[in-house]
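Chain by chain, the residues:
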Amino acid sequence: MIDFILLQLMRMMPTHLISRWVGNAASRPISRKAIPFFSKFYQISLEEAEMALGDYQTLNDFFTRKLKREARPIDTDEKFIVSPADGKIAAFGTIERGQLIQAKGIPFAVWNLLGIPQSETQRYEGGQFMTIYLSPRDYHRVHTPVSGEITDYSYLPGTLFPVNAFGARAVKGLFAKNERLITFVQSPTVGRVAIVKVGATIVGSVKVGYSREAGTNVKAGTVLHQRLTAAKPLERGEEIGYFQFGSTVVLVFEQGKVEFTSSLEEGQAVKMGQTIGRCITVE
């Protein structure tokens, strides 16, 4: 009952406007005064940060901080799949009958998540997926889990419900309803990989390095699918983009290409660059 009431209140809120306002406020120089409080409140580790706390000029600068170059070594063996972000594994498993698992007992359709016709999702049937939730305390840059080329991307406008435990419980098909920016990477080892960056309440926007036009939380959002003029090559662990405030990344792999590490569990914390699986087509 409480979840239902909270959900109705969320539906009445101008979440896009609020999120843009917070994003703009956090980009103003005066917001740097909030950095020490924000860091202490969320118990953010600064040991891996590229700069000292006092060197960040705005709260957004701090929130989207980069790491020291040596902070996350990436295994050079191409058969390994690495985590694209810091966060907690919310769900992972096999895509069955076109369905992924949002939370315990709550499925949703892969074609809705990716915004593609149901007829085009056969390549992902029987494939693997993983959902990683990024809390406000986490490092918020997103990296590629495999080497390959960015060939195209999609922007799918939608709602901005929270993506925390409440949102996962209360909103069926949450990740296929919220705004999302999907980067498609063509990998020589695992085929076409979808890296889905999901927007949420108070997420100012999602930014990517391969396109100035790509982003989320725009005033007049329309569905956009854009193929890059020239594919952008990336090495495994290379940065794709970043969140302004916390959200979620969903990885979707083709059938018969990837198996996850057997020791992984739902709720487990992972770090960007940490091995989460292997390419079963590469020995």
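For clarity, every value in this text was computed on a predicted model and none was experimentally measured.

A. Structural view of the pattern of salt bridges. The full count for this structure, using the stated rule, is 8 salt bridges. The partner of E48 in a salt bridge is R72, with the nearest N and O atoms 2.7 Å apart. Highlighted residues: E48 in the loop between α3 (35–41) and α4 (59–63) and R72 in the loop between α4 and β1 (80–82), separated in sequence by 24 residues. When its relative accessible area of 27% is taken as the criterion, E48 is described as partly exposed.

B. Molecular detail of the UniProt feature "modified residue: Pyruvic acid (Ser)" (unreviewed entry) in the protein chain. The feature "modified residue: Pyruvic acid (Ser)" (unreviewed entry), as given by UniProt, occupies S247 in the numbering adopted here. Turning to its location among the elements, S247 is positioned in the loop between β12 (239–244) and β13 (248–252). Using a relative accessible area of 0% as the deciding quantity, one classes S247 as buried.

C. Structural detail: the packing of aromatic side chains. Within this structure, the stated rule accounts for 9 aromatic pairs. Sitting over the face of the ring of F62, R65 holds its NZ or CZ atom 4.8 Å from the ring centroid. The lysine or arginine in question, R192, covers the ring of F184, its NZ or CZ lying 4.1 Å from the ring centre.

D. How the structure looks around the sheet that holds strand β9 (residues 191–198). Judged by pairing direction, the sheet is antiparallel, and its 8 strands sit side by side in the order β11-β7-β8-β9-β13-β5-β2-β15 without closing on themselves. Either end of the sheet is taken by a strand with one partner, and the two such strands are β11 (224–234) and β15 (269–270). Judged from the 7 bridges that link them, strand β7 (residues 148–156) and strand β8 (residues 180–187) form a sheet pairing that is antiparallel. Looking across to β8, one finds that I150 is bridged to V185.

E. How the structure looks around the UniProt feature "active site" (unreviewed entry) in the protein chain. The UniProt record marks D86, H143 and S247 with the feature "active site" (unreviewed entry), using the residue numbering of this structure. In three dimensions, the annotated residues from a span of 162 residues occupy one location, with a maximal C-alpha spread of 14.4 Å. By the secondary structure assignment, D86 is in the loop between β1 and β2 (87–94). Dropping the residues within four chain positions of it, D86 is found in contact with R72, I132, Y133, L134, D138, Y139, V270, K271 and M272. Polar contacts involving the side chain of D86 include one to the side chain of R72, which spans 2.7 Å.

F. Seen up close, the sheet that holds strand β14 (residues 258–260). Judged by pairing direction, the sheet is antiparallel, and its 3 strands sit side by side in the order β1-β16-β14 without closing on themselves. Because the sheet does not close on itself, it has two edges, and the strands there are β1 and β14. Strand-to-strand twist across the sheet, computed as the mean angle between neighbouring axes with direction ignored, equals 35 degrees. Here β1 pairs with strand β16 (residues 275–279) via 3 bridges, running antiparallel. By the bridge assignment, V82 is partnered in β16 with T275.

G. Structural context of the environment of S211. Within the secondary structure, S211 is located in the loop between β10 (205–208) and β11. Look at S211 and you get buried, because its relative accessible area is 10%. Note: C-alpha distance between S211 and G241 (30 residues apart in sequence) is 9.8 Å.

H. Structural context of the environment of D75. Structurally, the position occupied by D75 is in the loop between α4 and β1. For D75, a relative accessible area of 37% corresponds to the partly exposed category. Sequence-wise, D75 and R236 are 161 residues apart; in three dimensions their C-alpha atoms are separated by 9.1 Å. Once residues lying within four places of it in the same chain are set aside, the contact partners of D75 are F80 and R236.

Basis of the calculations
- Residues numbered from 1 in each chain as written.
- Predicted model: local features only at pLDDT ≥ 70, side-chain atom pairs only at ≥ 80, totals over all residues.
- Heavy atoms only, no water.
- Salt bridge = Lys/Arg side-chain N within 4 Å of Asp/Glu carboxyl O.
- Helix = DSSP H or I, 4+ residues; strand = E, 2+ residues; numbered from the N terminus.
- Buried < 20%, exposed > 50% of the residue type's maximum accessible area, 1.4 Å probe, protein only.
- UniProt positions renumbered as here; feature names shortened; annotations may be inferred.
- Phe/Tyr/Trp six-rings, centres within 6.5 Å; stacked < 30°, edge-to-face > 60°.
- Lys NZ or Arg CZ within 6 Å of the ring centre and 35° of its normal.
- Pairing = 2+ DSSP bridges.
- Contact = heavy atoms within 4.5 Å.
- Polar contact = N/O pair within 3.5 Å; in protein donor to acceptor, adjacent residues only side chain to side chain.
- Axes fitted to C-alpha atoms, helices over the stretch in contact; angles between N-to-C directions.

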